[in-house]
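# Close look at the chain arrangement
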Amino acid sequence: MSNPVFNNSAIFGEPKRARTGQGAAGTVQQNPAYGTPPQQAQYGSYGAQTADAATLDAMYDAPTATTADTKRLTYDDVIIKTGGLLALLVVVGAGSWQLVDTMPFLWIGGAIVGLVLGLVNAFKRNPSPALIVAYTIAQGAFLGGISAYYDARFDGVVLQAVLATVVTFSAALFLFKSGKVRVTPKFTRWLLIAMVGYLAFSLINMVLIMTGVLDGWGARGGTIGIIVGLVAVGLAAASLIVDFDSIKRGVEGGVPAKFAWSAAFGLMVTLIWLYLEFLRLFAILQSSD
């Protein structure tokens, strides 16, 4: 998987083909899928219970259980949680933007706290709504400050980045729903290799800028910077498609509803990355004019 939030999850991660035990005839015994009801005992087994006619009639007449009754994950759960976190991100970001002159280190602190909380949430087996909300607040402080920084130097790039993020998210969702792009093991391997390469390039470029070997955008300036920026946007968009596939598997697998927080957090991580890449790309395009 590309997104560590989904990749490290036993709920949303790709199914593993591992042997869990051998039967007497050498056949592989596998555990039932998450949410699968236990199998009934064989006919004639000692202690088997027989339901009477009245009980069977009551079962057939009862209304069908909904996802609210079974407390299983639904797409609505993910949409509501994600929408709420995005709204909180925007509100905190707007406040951070206004405070960037009086509290210039607020967004830097938000970046550090957001990074720490992001790692903590990514490796938690069970989601923590409080930590996910805290991560969103920290990232809102960071995005508000850095957006104000870019807007002061590159006119209009923030609005362009926001619109581009919304359009890319919609396009990725459309491609996934239409089936035109399928998430296969080959696709995820390619994405993982490309993301590792991009991360290595970004870290080397940052070190060269901080040590004074390169200035300005470093290796990301000019035509090369534009090409790298387009590649980064493509990687983030592909990561969104993988995120959608992970959520789809979770819903179809009947995982508990509490994991809607994990799904929303995973989408937030990818959307924030996508926005930052667009912000940098449009700034490089303006500076190269």
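Residues numbered from 1 in each chain as written. Predicted model: local features only at pLDDT ≥ 70, side-chain atom pairs only at ≥ 80, totals over all residues. Heavy atoms only, no water.

Each helix and strand counted, the protein has ten helices and zero strands in total. Looking at the 289 residues of the protein, the share that counts as buried comes to 36%. Of the contacts formed within the protein by residues at least 6 apart in sequence, a portion of 82% connects residues at least 24 apart. Just so you have it, the protein exposes about 17,300 Å², and 65% of that area is on carbon and sulfur atoms. (Helix = DSSP H or I, 4+ residues; strand = E, 2+ residues; numbered from the N terminus. Buried < 20%, exposed > 50% of the residue type's maximum accessible area, 1.4 Å probe, protein only. Contact = heavy atoms within 4.5 Å. Areas by Shrake-Rupley, 256 points an atom, 1.4 Å probe, with all protein chains shown as cover.)

Moving on, we come to the packing of helix 7 (residues 157-178) against helix 10 (residues 260-287). Relative placement of two packed helices is described by the angle separating their axes and the distance separating the axes. It is at 8 Å that the axes of helix 7 and helix 10 come closest, and there the two elements cross at 135°. With respect to their mutual orientation, helix 7 and helix 10 come out oblique. Relative to helix 10, helix 7 is oriented so that their crossing is right-handed. Judged by residue contacts, Val157, Val158, Gln160, Ala161, Val162, Ala164, Thr165, Thr168 and Phe169 of helix 7 engage Leu271, Leu274, Tyr275, Phe278, Leu279, Phe282, Ala283 and Gln286 from helix 10. Split into classes, the residues belonging to the contact of helix 7 with helix 10 amount to 13 nonpolar, four polar and no charged. (Axes fitted to C-alpha atoms, helices over the stretch in contact; angles between N-to-C directions. Parallel < 35°, antiparallel > 145°, perpendicular 65-115°, else oblique. Left-handed = near helix turned anticlockwise from the far one by under 90°. Nonpolar A, V, L, I, M, F, W, Y, C, P; charged D, E, K, R; others polar.)

Let's shift gears to the UniProt feature "transmembrane region" (unreviewed entry) in the protein. Following the UniProt record, one finds the feature "transmembrane region" (unreviewed entry) at residues 78-99, 105-123, 130-150, 156-176, 188-210, 222-242 and 263-285. Summarising residues 156-176: 95% helix, 0% strand, and an end-to-end C-alpha distance of 30 Å. (UniProt positions renumbered as here; feature names shortened; annotations may be inferred.)

Another aspect to go through is the packing of aromatic side chains. Following the criterion strictly, the structure yields eight aromatic pairs and no others. Seen in terms of ring centroids, Tyr135 and Phe265 are 4.9 Å apart; in terms of plane orientation they differ by 85°. Their pairing is edge-to-face. Placement of Tyr135 in helix 6 (residues 129-153) and of Phe265 in helix 10 is noted, with a sequence separation of 130 residues between them. Ring centres of Tyr149 and Tyr150 lie 5.8 Å apart, and the angle between their planes is 85°; on these two criteria the pair is classed as edge-to-face. Of the residues examined, Tyr149 reaches a relative accessible area of 39% and is grouped as partly exposed. You can call Tyr150 buried: its relative accessible area is 9%. Ring pairs connect the aromatic residues Tyr149, Tyr150 and Phe154, which therefore count as one cluster. (Phe/Tyr/Trp six-rings, centres within 6.5 Å; stacked < 30°, edge-to-face > 60°.)

Right, let's talk about the confidence of the model for the protein for a bit. Overall, the prediction assigns the protein a mean pLDDT of 81, with 75% of residues at 70 or greater. Long-range and interchain partners of residues 16-34, a stretch whose pLDDT sits below 50, account for 16 contacts in this model, where long-range means more than four residues apart. With pLDDT under 50 throughout, residues 36-50 is counted as low confidence; its partners more than four residues away or in other chains account for zero contacts. (pLDDT = per-residue confidence, 0-100.)

This part covers the packing of helix 6 against helix 10. The interhelical angle for the contact between helix 6 and helix 10, taken along N-to-C directions, is 10°, at an axis separation of 11 Å. Relative to helix 10, the element helix 6 is oriented roughly parallel. Residues Pro129, Ile132, Val133, Tyr135, Thr136, Gln139, Phe142, Leu143, Ile146, Ser147 and Tyr150 of helix 6 form the contact with helix 10, whose participating residues are Trp261, Ser262, Phe265, Met268, Val269, Ile272, Tyr275, Leu276, Leu279, Arg280 and Ala283. Here the contact of helix 6 with helix 10 is composed, by residue class, of 17 nonpolar, four polar and one charged.

Moving on to the pattern of salt bridges. What the rule picks out here adds up to three salt bridges. One salt bridge connects Glu252 with Lys248, and the closest N-O pair in it is separated by 2.9 Å. Placement of the pair is Glu252 and Lys248 together in helix 9 (residues 222-252), with a separation of four residues, close to one helical turn. The exposed category is assigned to Glu252, whose relative accessible area is 56%. By relative accessible area, which is 31% here, Lys248 ends up partly exposed. Residues Arg280 and Glu277 are paired through a salt bridge, measuring 3.1 Å at the closest nitrogen-oxygen approach. (Salt bridge = Lys/Arg side-chain N within 4 Å of Asp/Glu carboxyl O.)

Moving on, we get to the side chain of Thr165. Position of Thr165 among the secondary structure elements: in helix 7. Engagement of the side chain of Thr165 in a polar contact is seen with the backbone oxygen of Ala161, the distance being 2.7 Å. The residues touching Thr165, leaving out its near neighbours within four places in the chain, are Leu271, Leu274, Tyr275 and Phe278. (Polar contact = N/O pair within 3.5 Å; in protein donor to acceptor, adjacent residues only side chain to side chain.)

We now examine the environment of Ala171. Relative to the helices and strands, Ala171 resides in helix 7. For Ala171, a relative accessible area of 36% corresponds to the partly exposed category. Each C-alpha atom of the pair Ala171 and Ala237 lies 8.8 Å from the other, and the pair is 66 residues apart in sequence.

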